[in-house]
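Residue strings, one per chain:
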Amino acid sequence: MVSAAPTVLLTGACGYIGSHTWVALAQAGYRVLGVDDFSNSSPAVLTRLQRLTGQAPAFKQANVCNAAALETVFSGQRIDAVVHFAALKAVGESTAQPLAYYANNLGGLLTTCRVMQAHGCRRLVFSSSATVYGAPQHLPIAEDAPLSATNPYGQTKLVGETILQDLARADAAWRHVSLRYFNPVGAHESGLIGEEPRGTPNNLMPYVAQVAAGLRPYLQIFGNDYPTPDGTGVRDYLHVVDLAQGHVAALCHLLDGGDTLTVNLGTGRGSSVLEVVNAYAKASGREIPCHIAPRRPGDVAACWADASRAGEVLGWRAQRGLGEMCGDSWRWQITRDHRADTQNQSAVLFTGR
Ligand code: UD1
C-alpha cells in the first residue's frame, strides 16, 4: 500500500524562513499547508511559492492567536506535524513593546499547541534562536551552554522552549524539536523569495544589500574594538536554504518516531562584519562604503555554533558558504524591486471553511 505524503502546517508560512522551508518541504514530497497574517510578509509570496513548487499553495490568512481560525485549518483534515515560525522578531521593538511580544509570541505558541492537542497532533518544530545563549562564555556554543535572555524577544524564545519541555514532560506523546538558529541570511537561488525588511533593516546582511544597491549611503559598523581578529563582531551566518533543509531534517526525525530534541542550526564557523562586507562587495561587484560607529548596546563580540549535534542526530550539515550567501542575497536584492507581482494577491486553493 502506498501511504499518503505527511501533511505539515507552517505558521508564519510566508515569512523569510517560512517561505524557504515551504519550498524545501514541497520538494521533499510533503503536503504543505500555510498560515500567515501578513503582519511581516506579503501575499505576493504565494504567487512565487506557486512558481517554485509548481503547486497552488494551500493557505489561510490567520493570526496564530486566533484559535477559531486555527480550528478551521485542523478540522476536516489530518495534520501530521506543525512548524511554528509565526512570531515577532525585532529585538529593539521587543524592548519598546514587551506586551505585544509576549502576547503574540507566547500567546501564538500556546494557541497553536492547544488546537494541535485538541486534534491529536503532537509533533512540533519550534523556531528558537541562538539569542537564548545570551552573552556566551565559551565558543563554539553547544546546546548545553548556560541560557539567558537580555530582552523580551529572547525571553519569548526561552519561555517558548520551556513551555514545550513542560508539555513533553506532561505527555509522552508530545514530541518537538527546538531549532536554535544562528544568523540566517541569503535568499533562494531563483531570486524569487528572500527577506523583505520593512523600513530600516535591523540586521547586517539586509543592510549591506541596501548599501550595495545604492539605497543607503553607507554601512555603520557597530564597533571595531571587540576582542576579535579584526575588531568587528563575529557571527555564524547560515544560508536560509540550508536552514530550511534543517527543518526538513527535524520533521523527518519527528515523523520517524524520534525523540524531543534541542538543536543548534549554524555552520560552526564565524565571520566578522568586515569579512561579510568584503564577501558582499565581491559578490555584487559594488563598493560598500563603511563608517565605524559605537558598539550597538546588547551586542556580543562573537557567537558561533557547535553544530555537531545537528550532524549526529539529524544528519544535517550546512552546505553553503559566505560567498553563496552574499551572491543569493544580491540576486534577490536586484530582482525584487523590479518584480511585477508585488501588489497582486495570488490565487489560493485552501481557505478553510
Ligand atoms: C540579531 C539580534 C538577535 C537575533 C538575530 C537574528 C540584536 C542585538 N540581536 O543578532 O537577537 O536573533 O539578529 O538574526 O539585534 N552590525 C553592524 N552594522 C549594522 C548591523 C549589524 O555592524 O548595521 C553588526 C552587529 O554589531 C553584529 C553583526 O553585524 O556584530 C551582526 O548583526 P545582526 O545581523 O543584527 O545579528 P546579531 O547581532 O547576531
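Nothing here was measured: the structure is a model prediction, and the numbers come from that model.

**Q** Hey, could you run me through the overall build of the protein chain in this one?
**A** Across its full length, the protein chain holds 11 helices and 14 strands. Taken against the 2.2 N^0.38 rule, which gives 20 Å for 353 residues, the C-alpha radius of gyration of the protein chain at 20 Å falls within 12% of a compact globule. Expressed as lengths along the three principal axes of its C-alpha atoms, the size of the protein chain is roughly 55 × 45 × 40 Å. Counting only residues that meet the buried cut, the protein chain has 54% of its 353 residues in that class. Looking at the protein chain, you have 28 positive and 28 negative side-chain charges, and the mean spots of the two groups are 5 Å apart.

**Q** Would you mind showing me how to read the side chain of S127 here?
**A** You can see S127 is positioned in strand β5 (residues 123-129). Overall, S127 belongs to the buried group, its relative accessible area being 5%. Polar contacts involving the side chain of S127 include one to the side chain of Y181, which spans 2.7 Å. Sequence-distant contacts of S127, that is, excluding residues within four places in its chain, are made with H84, F85, K157, L179 and Y181.

**Q** What is the right way to look at the site of the ligand in this model?
**A** Around the ligand, the surrounding shell holds 18 residues, and the nearest of these are L204, Q220, R235, R296 and D299. Within the side chain of N183, an N or O atom sits 2.9 Å from an oxygen atom of the ligand. D299 places a polar side-chain atom, nitrogen or oxygen, 2.6 Å from an oxygen atom of the ligand. Burial of the ligand by the surrounding chains reaches 86%, relative to a free accessible area of 740 Å². Looking at the shell around the ligand, the element that brings in the most residues is strand β8 (residues 219-222), giving four residues. Partitioning the shell around the ligand into residue classes produces eight nonpolar, seven polar and three charged.

**Q** What is the right way to look at the state of the cysteines in this model?
**A** In protein structure, a disulfide is the covalent linkage between the sulfur atoms of two cysteines. Applying the stated criterion to the full structure yields zero disulfides. You can see C14 has no disulfide; the closest cysteine sulfur is in C65, sitting 17 Å from it. A relative accessible area of 3% means that C14 is categorised as buried. Cysteine C303 is unpaired, with the sulfur of C326 as its nearest cysteine sulfur at 18 Å.

**Q** Would you mind showing me how to read helix α1 (residues 16-27) here?
**A** The α-helix advances 3.6 residues per turn, and as a result positions three or four apart in sequence lie on the same side. Helix length check: α1, at 12 residues, gives a terminal C-alpha distance of 17 Å against a target of 16 Å (1.5 Å per residue), a fit within 8%. Where burial is concerned, most of α1 is hidden: 11 out of the 12 residues are buried. What α1 keeps buried is the set Y16, I17, G18, S19, H20, T21, W22, V23, A24, L25 and A26. Two residues or fewer after α1 comes G29, characterised by a positive phi angle close to 95°.

**Q** Looking at this model, I keep getting lost on the sheet that holds strand β4 (residues 81-84). Mind explaining?
**A** Across a sheet, paired strands are connected by hydrogen bonds in the backbone, their directions being either parallel or antiparallel. Read across the sheet, seven strands follow the order β3-β2-β1-β4-β5-β6-β11 without closing on themselves; strand pairing throughout is parallel. Either end of the sheet is taken by a strand with one partner, and the two such strands are β3 (58-61) and β11 (261-265). Strand-to-strand twist across the sheet, computed as the mean angle between neighbouring axes with direction ignored, equals 20°. The sheet contact formed by β4 and β5 spans three bridges and is parallel. From the neighbouring strand, V83 faces β5, where its bridge partner is V125. In the packing of helix α6 (residues 152-170) onto the sheet, the strands contacted are β5, β6 (175-181) and β11, and the crossing angle to β5 comes to about 155°.

**Q** When you look at helix α11 (residues 322-336) in this model, what are you seeing that I'm missing?
**A** Here α11 is 15 residues long and its end C-alpha atoms lie 21 Å apart, about the 21 Å a rise of 1.5 Å per residue gives. Three or more residues of α11 are buried, namely L322, M325, C326, D328, S329, W330, W332, Q333 and R336.

**Q** For this particular structure, what's the right way to read the sheet that holds strand β14 (residues 302-303)?
**A** The three strands are arranged β12-β9-β14 in an open sheet whose pairing can be described as mixed. Each edge of the sheet is formed by a strand with only one pairing partner; in this case those strands are β12 (271-272) and β14. Pairing of strand β9 (residues 234-235) with β12, which is carried by two bridges, proceeds in the antiparallel orientation. Opposite V234, over in β12, you have S272 as the bridge partner.

**Q** It is not clear to me how the pattern of salt bridges should be interpreted in this structure. Could you clarify?
**A** When the charged atoms of two side chains lie near each other, side chains of opposite charge can form a pair. Inspection of every chain in the model, using the stated rule, returns 14 salt bridges. R295 is the partner of D225 in a salt bridge, and the nearest nitrogen-oxygen pair spans 3.0 Å. A residue pair is termed long-range when its members are at least 10 positions apart, and D225 in the loop between β8 and β9 and R295 in the loop between β13 (290-293) and β14 qualify at 70 residues. D299 serves as the salt-bridge partner of R296, at 3.1 Å between the closest nitrogen and oxygen. Overall, the relative accessible area of 24% leaves D299 in the partly exposed class. When salt bridges with common partners are traced through the structure, they connect R235, R296 and D299 into a single cluster.

**Q** What's the story with the nonpolar core in this structure? I'm lost.
**A** Judged by nonpolar contacts, the single largest core of 43 residues is most densely connected at L10, W22, L25, L179, L251, V263 and L265. The set of elements that each furnish at least two residues to this core consists of β1 (7-11), α1, α2 (44-53), β4, β6, α8 (240-255), β11 and α10 (308-314). Broken down by element, this core gets its largest block of residues, nine residues, from α8. Dropping the residues within four chain positions of it, L179 is found in contact with V125, F126, S127, S128, S129, G246, H247, A250, V263 and L265. Formed by 25 residues, the second largest nonpolar core is a distinct cluster that contains V64, A86, L109 and L167.

Reading the values: rules and limits
- Residues numbered from 1 in each chain as written.
- Predicted model: local features only at pLDDT ≥ 70, side-chain atom pairs only at ≥ 80, totals over all residues.
- Heavy atoms only, no water.
- Helix = DSSP H or I, 4+ residues; strand = E, 2+ residues; numbered from the N terminus.
- Rg over C-alpha atoms; globule rule 2.2 N^0.38 Å.
- Buried < 20%, exposed > 50% of the residue type's maximum accessible area, 1.4 Å probe, protein only.
- Lys, Arg positive; Asp, Glu negative; His and termini not counted.
- Charge placed at Lys NZ, Arg CZ, Asp CG, Glu CD.
- Polar contact = N/O pair within 3.5 Å; in protein donor to acceptor, adjacent residues only side chain to side chain.
- Contact = heavy atoms within 4.5 Å.
- Near = heavy atom within 4 Å.
- Areas by Shrake-Rupley, 256 points an atom, 1.4 Å probe, with all protein chains shown as cover.
- Nonpolar A, V, L, I, M, F, W, Y, C, P; charged D, E, K, R; others polar.
- Disulfide = S-S within 2.5 Å.
- Expected span 1.5 Å × (residues − 1).
- Pairing = 2+ DSSP bridges.
- Axes fitted to C-alpha atoms, helices over the stretch in contact; angles between N-to-C directions.
- Salt bridge = Lys/Arg side-chain N within 4 Å of Asp/Glu carboxyl O.
- Core = buried A, V, L, I, M, F, W, Y, C linked by side-chain atoms within 4.5 Å.

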